[in-house]
Amino acid sequence: MVYIVALALLVLVGAWLAAAYARLHHLYGRVQGAWVSWQAATMHRNECLGNFVAVFAGFLPREDMLPRNMRRWVADSHRALQATPAAPLRGTAHLLGDTERRLARSIRSSGHAMESTPLMRDCEQLLGLYQAMAVSRHRQEELTRLYNRSVHDYNTALAEPLTRLLAPVLGFAPVERL
């Protein structure tokens, strides 16, 4: 009788371990899937932004720093993406976050410059490139929200009392939001 109870407890613990592992693995898979989608959208946004800056710079004085800074931040974004092939662990997302914030500000500045300059407003090529970049940026923002929701769900599962003990043993670690 004691052996049967011990075996039943062992089976229950094993089933719980398997279920916890499967849940964490599933949630981490969602995080990685969202990360890959976000990376692809960011690379596409960077490509659109590079095309836009190439034309946009022709409308500004040579000494204007905005196009130069935008090119540099696109390059920084590309390097940061290459440096983080998987979802960023704690303490590494700042590489991406700083660059993304600078790019967002410069995109807004370029939009204001276009609105205030009649010559830019009348250039169909520039408007088309800006619209393509805006659509790409919108897609990236949607994927950022999806990624952050996935990270929240995964990190919440990691913080549950019993899972908190199991996760490090199974190789699961918290992931950082963007």
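Our subject is the structure listed above.
Conventions used here
- Residues numbered from 1 in each chain as written.
- Predicted model: local features only at pLDDT ≥ 70, side-chain atom pairs only at ≥ 80, totals over all residues.
- Heavy atoms only, no water.
- Buried < 20%, exposed > 50% of the residue type's maximum accessible area, 1.4 Å probe, protein only.
- Helix = DSSP H or I, 4+ residues; strand = E, 2+ residues; numbered from the N terminus.
- Arc of directions from axis to C-beta.
- Contact = heavy atoms within 4.5 Å.
- Polar contact = N/O pair within 3.5 Å; in protein donor to acceptor, adjacent residues only side chain to side chain.
- Salt bridge = Lys/Arg side-chain N within 4 Å of Asp/Glu carboxyl O.
- Phe/Tyr/Trp six-rings, centres within 6.5 Å; stacked < 30°, edge-to-face > 60°.
- Patch = residues over 30% accessible without salt bridge, like charges linked within 9 Å, V, L, I, M, F, W, Y side chains within 5 Å.
- Areas by Shrake-Rupley, 256 points an atom, 1.4 Å probe, with all protein chains shown as cover.

Asks: Where do I start with helix H6 (residues 161–170) in this structure?
Replies: Those residues of H6 not exposed but buried are Thr163, Leu166 and Ala167. Around the axis of H6, the buried residues are gathered within 110° of arc, so they sit on the same side. Pointing more than 90 degrees away from the buried face of H6 are the exposed residues Pro161, Arg164, Leu165, Pro168 and Val169. Against the buried residues of H6 lie helix H1 (2–56) and helix H5 (124–159). Gly171 lies just past H6 and shows a positive phi near 90°.

Asks: Please clarify how the side chain of Glu100 should be interpreted in this entry.
Replies: On the secondary structure map, Glu100 appears in helix H3 (residues 94–116). Owing to a relative accessible area of 11%, Glu100 belongs among the buried residues under this scheme. A distance of 3.0 Å separates the side chain of Glu100 from the side chain of Gln140, its partner in a polar contact. Dropping the residues within four chain positions of it, Glu100 is found in contact with Trp38, Thr42, Arg45, Ser77, Arg137 and Gln140.

Asks: So what exactly am I meant to see when it comes to the environment of Arg79 here?
Replies: With respect to the helices, strands and loops of the structure, Arg79 is situated in helix H2 (residues 65–83). Sequence separation between Arg79 and Leu95 is 16 residues; the distance between their C-alpha atoms is 9.4 Å.

Asks: How do you make sense of the pattern of salt bridges when you look at a structure like this?
Replies: Side chains bearing opposite charge may pair, as long as their charged atoms lie close to each other. Summed over the entire model, instances satisfying the criterion amount to 7 salt bridges. Between Glu100 and Arg45 there is a salt bridge; the shortest N-O distance is 2.8 Å. In this pair, Glu100 sits in helix H3 while Arg45 sits in helix H1, placing the two residues 55 residues apart along the sequence. Across the pair, exposure class does not vary: Glu100 and Arg45 are buried alike. Note that Glu141 and Arg137 form a salt bridge whose closest N and O atoms lie 3.5 Å from each other. Taken as a pair, Glu141 and Arg137 lie in helix H5 at a separation of 4 residues, close to a single helical turn. Assessed through its relative accessible area of 17%, Arg137 is described here as buried. Connected through salt bridges with shared partners, the residues Asp76, Arg79 and Arg102 form a single ionic network.

Asks: What's the story with the packing of aromatic side chains in this structure? I'm lost.
Replies: For any pair of aromatic rings, the description rests on two quantities: the centre-to-centre distance and the angle between the ring planes. Scanning all chains against the criterion turns up 6 aromatic pairs. Ring geometry for Trp35 versus Trp38: centroids 5.2 Å apart, planes at 25°, classification stacked. With Trp35 and Trp38 both in helix H1 and 3 residues apart, this pair spans about one turn of that helix. Pairing Phe52 with Phe56 gives two aromatic rings, centres 5.0 Å apart and planes at 20°, and the pair type is stacked. Of the two residues, Phe52 and Phe56 are both situated in helix H1; the distance of 4 residues between them amounts to about one turn of the helix.

Asks: Help me understand a nonpolar patch on the surface in this model?
Replies: On the surface, Val13, Trp16, Leu17, Leu162 and Leu165 cluster together into a nonpolar patch covering about 490 Å² of accessible area. For the nonpolar patch, the secondary structure elements donating two or more residues are H1 and H6. Per-element tally for the nonpolar patch: the top contributor is H1, with 3 residues. Within the fold, Trp16 resides in helix H1.

In short, the description is geometric, and any link to function would need to be established separately.
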